[in-house]
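Residue-level listing of the chains:
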Amino acid sequence: MYPSREFEPLSTSLEETWENFVHTGSHEPGKVRPEISQSWVRCYKARVDPFGNCGVSVLHRHTVDELRNSHAELLEIARPFMNRLYEIIAGSKLVVFLSDENGVILESIGDHEVKYSASKVNLVTGTNWNEEKVGTNGIGTALKLKVPIQISGKEHYCAKLHRWTCSAAPIINDQSEIIGVLQVSGPSREVHLHTLGMVVASVEAICGQIRIKKKNNELKKINHSLNQIFHTMSDGAMITDKDGVISQINKAGKQIFGEDTEGQSIKEILSNRPELWNNLYNGISYSDVELMLTSPKGSFHCLITGTPFKGDNGKTDGAVVFLNQIKNVKKLVNHFSGAQASFNFSDIIGSSEELMQAVNTAKGAAQCTSNVLIYGESGTGKELFAQSIHNDSPRSAGPFIAMNCAAFPRELIASELFGYTDGAFTGARRGGRPGKFEMADGGTLFLDEIGDMPIDQQAMLLRVLQEKKITRIGGDHLIPINVRFVCATNKNLLEEISKGNFRTDLYYRLNVIRVKIPPLKDRMKDLRDLFSHLLAKICQRQGRCIHSVSEKLMQHLQRYDWPGNVRELENVIEKMLSIDLGATELGIEHLPTRIVEMQKAPAVCSSPFYPNPNHDHEHKKKEMSDFILEKELLIKLLTTHKGNISRVAKEMSLSRNTVYRKMNFYKISKEQLFR
């Protein structure tokens, strides 16, 4: 295959075998090691010149620099082990090489004299030593076999390497990928069998260091992620040493305690609850303990969770403490419990003058912070107005908490409003519970049927209105609240005052802005729009479709007084739809019997279609009744307090000037009362 060349006399069987193979491409079995034989076959088929120069030309320096940069981590890890290996073999005329995964030499360490000899066979940095380039050799064959190998003398396929021995081992990562080769080369007479063992040991050490560095990098990433979480989490968090000194505090914690908290003792922060640190010190964790914290930035109502760190000796080495402000917890609870207002003024159906007057008053109330008292018969939509006021106010992003004062037993109203602490009374929920006042913090508290609140609870409500602070039942610390009060009633509170059922001072505290919702009978002009709106809503809910409504049916509805107001109208529509589930039209035959029967008897109707001449008179008569009651109350208080305007004003929660104006309006003088 190749032209005849001059050779030194072949004195061994290996020499004869090699010479015969490079000329014929075959040899007698068993003459060389199987891995060498297989390598020679690959080289022969690849047409490697066994008599030519070894390797290709040296890569350009710029290309070599790029390769070294891309393998910087491998070089950084391998260099110390290459140096250590060379220290062991120093003086043995051996050179240590490191190649990349393709067989390109990246680094070499050795005696100048030996490196010079190696350069004559292109065994230098920047040359490629894979089998296809230079035949059987340590680096190239180790890459092919993926196992350590020592190739000595005439085992090399190329003649120029017959005076060298190469001991090489591939460097394999955790993914079973070859990332490089470590090789020790030198004159055959200087190499021993144990040289390969030293190379293998060095490669194992390099692979171990690669794994360690990988784990360290993973730990760094995890530590960085945990650090990011620690400093960006919404809860305040602190890490302490075994003595309780704060070593780290996150951004949320600094917002509570200040920037200079690190280095302080957590025992000072928890000074009002020393057992919390004692538990951590003794290795006892706890969660969601409620407490008030005082810092240079103010007082904070928080839930605290603490977990101790334990060392190998089982003793506490430190702790992590989490702080969550109660107001954040309340926001989350309100969000998921549906404590939000869903109605707006656009949901109020109707255009009658009476209704528009109430809507305009409510819109004005929404833009201020004063307390609102909504008057209206049952079913007129008092909560609809209350929610609309909240959603149109600057507090719209806060919670809307509603409570019906008539729906709770007398003994439970206080716990619903104020909440309670752990063990405050028999049956109290473990851990305590915040009340409506706390849950409404930053938003609106709607107290429906305020006229049914027991007189003793009225006194507590008045105190909250005045001080803007509450104390839970069984508790001993004040909790500040920021709540806008909207109350509603279907009772005449002035009459309730005269009966002794309602406090005068609470009435005037709540009745700052008064919204009076007209009953449906006083705004029959809106009935058709209300009917259409409610019918469409119920049909959508039931999956029904009504194409038409008879005029006679509408006339009957307009003659009815609607004592249950809009709520009753909605119930009647739902009942009409349930009478005939297949109906696509509604007529008089679908009306409930009680409404039809009422139409048979003469009735005085107050609708615009059937005018009631006495309606305006009755309305004015009702308003006059309110004035008379307030005048009687004013006279009663003046008499009781013997004309002391300051005491009267305090009991009515009014200013002295307002009391004088009311006396002037009602033409009341102290001279007439006490002459």
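Per chain, the residues get numbers from 1 upward, laid out in the order the sequence is written. Predicted model: local features are reported for residues with pLDDT of at least 70 only, side-chain atom pairs are reported and counted for 80 or more only, and whole-chain, interface and lining totals are derived from all residues. Hydrogens are left out, water is left out, and the side-chain values use all remaining heavy atoms of the structure.

**Student:** Mind showing me how you'd approach the overall build of the chain here?
**Tutor:** Within the chain one finds 27 helices and 21 strands. All radius of gyration figures rest on C-alpha atoms, and the globule criterion is 2.2 Å times the number of residues raised to 0.38. Here the C-alpha radius of gyration of the chain, 47 Å, is well above what a compact globule of 675 residues would show, namely 26 Å. Once the C-alpha set of the chain is aligned to its principal axes, its extents read approximately 150 × 70 × 45 Å. Classification of residues uses two cut-offs on accessible area relative to the type maximum, computed with a 1.4 Å probe and protein chains only: under 20% is buried, over 50% is exposed, and between them is partly exposed. Out of the 675 residues belonging to the chain, those deemed buried represent 46%. To qualify as a helix, a DSSP run of H or I must reach at least 4 residues; to qualify as a strand, a run of E must reach at least 2; elements of each kind are numbered from the N terminus.

**Student:** Explain the environment of leucine 94 to me, please; I cannot follow it from the model alone.
**Tutor:** By the secondary structure assignment, leucine 94 is in the loop between α4 (72-89) and β1 (95-99). The spatial distance from the C-alpha of leucine 94 to the C-alpha of glutamate 113 is 9.8 Å, given a sequence separation of 19 residues.

**Student:** What exactly am I supposed to notice about the sheet that holds β1 here?
**Tutor:** Through backbone hydrogen bonds, the strands of a sheet pair up, either in parallel or in antiparallel fashion. Any two strands between which DSSP finds at least two bridges are classified as paired. The five strands lie next to each other as β2-β1-β5-β4-β3, forming an open sheet whose pairing is antiparallel. Strand pairing shows two members of the sheet lacking a second neighbour, β2 (105-110) and β3 (149-152), which therefore form its edges. Averaged over all pairs of adjacent strands, the angle between strand axes in this sheet comes to 20°, irrespective of strand direction. In the sheet, strand β4 (residues 164-172) pairs with strand β5 (residues 178-187) via nine bridges, with the strands oriented antiparallel. Paired with isoleucine 171 across the bridge in β5 is glycine 180. Note on definitions: a residue-residue contact is assigned when non-hydrogen atoms from the two residues lie within 4.5 Å. For helices, the fitted line uses only the C-alpha atoms of the stretch in contact; every axis is such a line through C-alpha atoms, and the angle between N-to-C directions lies from 0 to 180 degrees. Where α4 meets the sheet, its contacts fall on β1, β2, β4 and β5, and the angle it forms with β1 comes to roughly 165°.

**Student:** Just checking my understanding: could you explain the pairing of strand β9 (residues 298-310) for this structure?
**Tutor:** On a regular strand, each side chain points to the face opposite its neighbour's, so the side chains alternate between the two faces of the sheet. Of the pairings in the sheet, the one linking strand β8 (residues 286-295) to β9 comprises eight bridges and is antiparallel in character. By the bridge assignment for β9, serine 295 is matched with glycine 298. Linking two consecutive strands that pair antiparallel, namely β8 and β9, is a turn of two residues. When β9 meets strand β10 (residues 316-325), the two strands line up antiparallel, connected through nine bridges. What sits directly across from glycine 306, in β10, is valine 321. Hairpin remark: β9 followed by β10, antiparallel, with five residues in the connecting loop; positive phi at glycine 314, about 85°.

**Student:** For this particular structure, what's the right way to read helix α14 (residues 382-391)?
**Tutor:** Residues that lie three or four places apart on an α-helix share one face, since the helix turns once every 3.6 residues. Among the 10 residues that make up α14, seven are buried, leaving the element largely enclosed by the rest of the structure. For α14, the complete set of buried residues consists of Lys382, Phe385, Ala386, Gln387, Ser388, Ile389 and His390. Those residues of α14 hidden inside the fold are in contact with α13 (353-366), β11 (372-375), β12 (400-404), β15 (444-448), β18 (484-489) and β19 (513-516).

**Student:** Hey, could you run me through the sheet that holds strand β6 (residues 236-241) in this one?
**Tutor:** Here we have five strands laid out as an open sheet, ordered β7-β6-β10-β9-β8, and antiparallel in their pairing. The sheet terminates laterally at β7 (246-249) and β8, the two strands that pair on one side only. Strand-to-strand twist in this sheet, taken as the mean axis angle between neighbours without regard to direction, amounts to 30°.

**Student:** When you look at unusual backbone geometry in this model, what are you seeing that I'm missing?
**Tutor:** It is generally the case that most residues other than glycine have a negative phi and that most peptide bonds are trans. Although it is not a glycine, lysine 468 adopts a positive phi angle of roughly 60°. Here lysine 468 is to be found in the loop between α17 (455-467) and β16 (469-470). Look at lysine 468 and you get partly exposed, because its relative accessible area is 33%. We note that lysine 642 has phi near 55°; this positive angle belongs to a residue other than glycine. Residue lysine 642 is classed as exposed on the basis of its relative accessible area of 72%.

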